[in-house]
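Spelled out, the chains give:
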Amino acid sequence: MSTGLDFAALLGEIVEECRPHAERGQLPTYIPELRKGNPRLAGIALQTARELYEAGDTRVNFTLQSISKVFSLLVAIEERGPEAVFAKVGAEPTGDPFNSIVKLETAEKKPPNPMINAGAIAVCSLIPGATVEERFGRIAGLLEAILERPITIDEAVYRSEKETGHRNRSLAYFLKDINCLEGDVEEVLDLYFRQCSILVNCADLARIGMFFATKGINGADTPLVSARAVRLVSTFMVTCGMYNGSGEFAIQVGIPAKSGVSGGILGVVPGRFGVATFGPALDRKGNSVVGISMLKRLSEVLDFSIF
Ligand code: GLU
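Cut-off values and rules
- Residues numbered from 1 in each chain as written.
- Predicted model: local features only at pLDDT ≥ 70, side-chain atom pairs only at ≥ 80, totals over all residues.
- Heavy atoms only, no water.
- Helix = DSSP H or I, 4+ residues; strand = E, 2+ residues; numbered from the N terminus.
- Rg over C-alpha atoms; globule rule 2.2 N^0.38 Å.
- Buried < 20%, exposed > 50% of the residue type's maximum accessible area, 1.4 Å probe, protein only.
- Contact = heavy atoms within 4.5 Å.
- Near = heavy atom within 4 Å.
- Polar contact = N/O pair within 3.5 Å; in protein donor to acceptor, adjacent residues only side chain to side chain.
- Areas by Shrake-Rupley, 256 points an atom, 1.4 Å probe, with all protein chains shown as cover.
- Nonpolar A, V, L, I, M, F, W, Y, C, P; charged D, E, K, R; others polar.
- Axes fitted to C-alpha atoms, helices over the stretch in contact; angles between N-to-C directions.
- Parallel < 35°, antiparallel > 145°, perpendicular 65-115°, else oblique.
- Left-handed = near helix turned anticlockwise from the far one by under 90°.
- Pairing = 2+ DSSP bridges.

A.B. asks: Is there a simple way to explain the overall build of the protein chain in this structure?
C.D. replies: Tallying secondary structure elements over the protein chain gives twelve helices and seven strands in all. Its C-alpha atoms give the protein chain a radius of gyration of 18 Å, near enough to 19 Å, the size a compact globule of 307 residues would have. Overall size of the protein chain, expressed as C-alpha extent along the three principal axes, is 55 × 40 × 35 Å. When each of the 307 residues of the protein chain is scored for burial, the buried share is 58%. In the protein chain, 69% of the contacts between residues at least 6 apart in sequence involve partners at least 24 apart.

A.B. asks: Help me understand the site of the ligand in this model?
C.D. replies: Around the ligand, the neighbouring residues are Y30, Q65, S66, F98, N117, E161, N168, Y192, C196, Y243, G260 and V261. Here an oxygen atom of the ligand and a side-chain polar atom of N168 are 2.8 Å apart. For the ligand, an oxygen atom lies 2.8 Å from a polar atom in the backbone of V261. Against a free-state accessible area of 290 Å², the protein chains account for coverage of 100% of the ligand. Grouping the amino acids of the shell around the ligand by side-chain chemistry returns six nonpolar, five polar and one charged.

A.B. asks: Sorry, what's going on with the packing of helix α4 (residues 117-124) against helix α7 (residues 166-177) here?
C.D. replies: Geometrically, a packed helix pair is captured by the angle between its two axes and the distance between the axes. Put simply, α4 and α7 touch, their axes get as near as 9 Å, and they point 60° apart. In terms of axis orientation, α4 runs oblique to α7. For the pair α4 and α7, the sense of crossing is right-handed. Between α4 and α7, the contacting residues are N117, A118, I121 and A122 on the first element and N168, L171, A172 and L175 on the second. In terms of residue class, the contact of α4 with α7 is made up of six nonpolar, two polar and no charged.

A.B. asks: Sorry if this is basic, but what is going on with the packing of helix α2 (residues 69-80) against helix α5 (residues 132-147) here?
C.D. replies: Relative orientation of the contacting elements α2 and α5 amounts to 110°, with a least axis distance of 9 Å. Considering the angle they form, α2 stands roughly perpendicular to α5. Touching F71, S72, L74, V75 and E79 of α2 are R138, I139, L142, L143 and I146, all from α5. Here the contact of α2 with α5 is built from residues that sort into seven nonpolar, one polar and two charged.

A.B. asks: Quick question: what am I supposed to make of the pairing of strand β1 (residues 43-47) here?
C.D. replies: The side chains of a regular strand alternate, residue by residue, between the two faces of the sheet. Across the five residues of β1, five count as buried, placing the element largely inside the fold. With five bridges connecting them, β1 and strand β2 (residues 52-56) associate as antiparallel partners. The residue of β2 that forms the bridge with Q47 is L52. Count of turn residues in the β1/β2 antiparallel hairpin: four residues. Relative to strand β7 (residues 273-278), β1 runs antiparallel, the two sharing five bridges. From the neighbouring strand, L46 faces β7, where its bridge partner is V275.

Shown next, in the form of structure tokens:
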């Protein structure tokens, strides 16, 4: 970028300044395998059309977790159309935690939005395919096309969540009861747990952010999904991507973003660049403490809020 700033140095300073904030957060305990993370890890990456800038632990692999929800939503919108998707899931933010069940029995009797667990599980049920493998292949295929490399899942995290994901299991059965989940409940859960276990690193996430920033164009200038689907999903990232912390994040950072409980945050500065952070210690809303402070700092320096 032609701002005269030394980006590599700036990112390095931000990582070191914000890394100690990990003390204010905690590793997630409800997925046993994620308890083994190192809360002191911190990385930040920024992908422009031409260059990747990065600092800190940007090449450490972690699981996508909730960040995967943006890919299944893109695939569902592309394959089934927005009407079919929004018949099963709402479009409103919620002040409830990411794994809450409470809204399913009140309001519209459908999950409030596709970024919370209940909504994402409903969306998974809409991905076409005869088998879980085939359906997973559509989600993984999109990611592989964006990253231009094969992807793998973390088998230990996948098994850990499949064995202990009782709350997600109850959400899924409840969704079936209120007619918001198509097909076999256990197969849909299997797909959801698999997508959450996809391995990426912070540099990958910045590249994915650039894909969103350019409305679905990958490095080779090929539109992988429609600009309309990217716009819809980016809008959800603004209103619900940081769960019930989305409002404060919009004020402090001001960009479409999606967090995951393994500590990643995918950020999009529309038309300009992708930005991503990694830091496994989470705040009470399930967002990376170090990640948010790094993005806040970078947004101040580069003045990239879209508002
Ligand atoms: N796999 C996690 C779960 O379903 C995803 C939640 C998250 O990353 O916020 O609980």
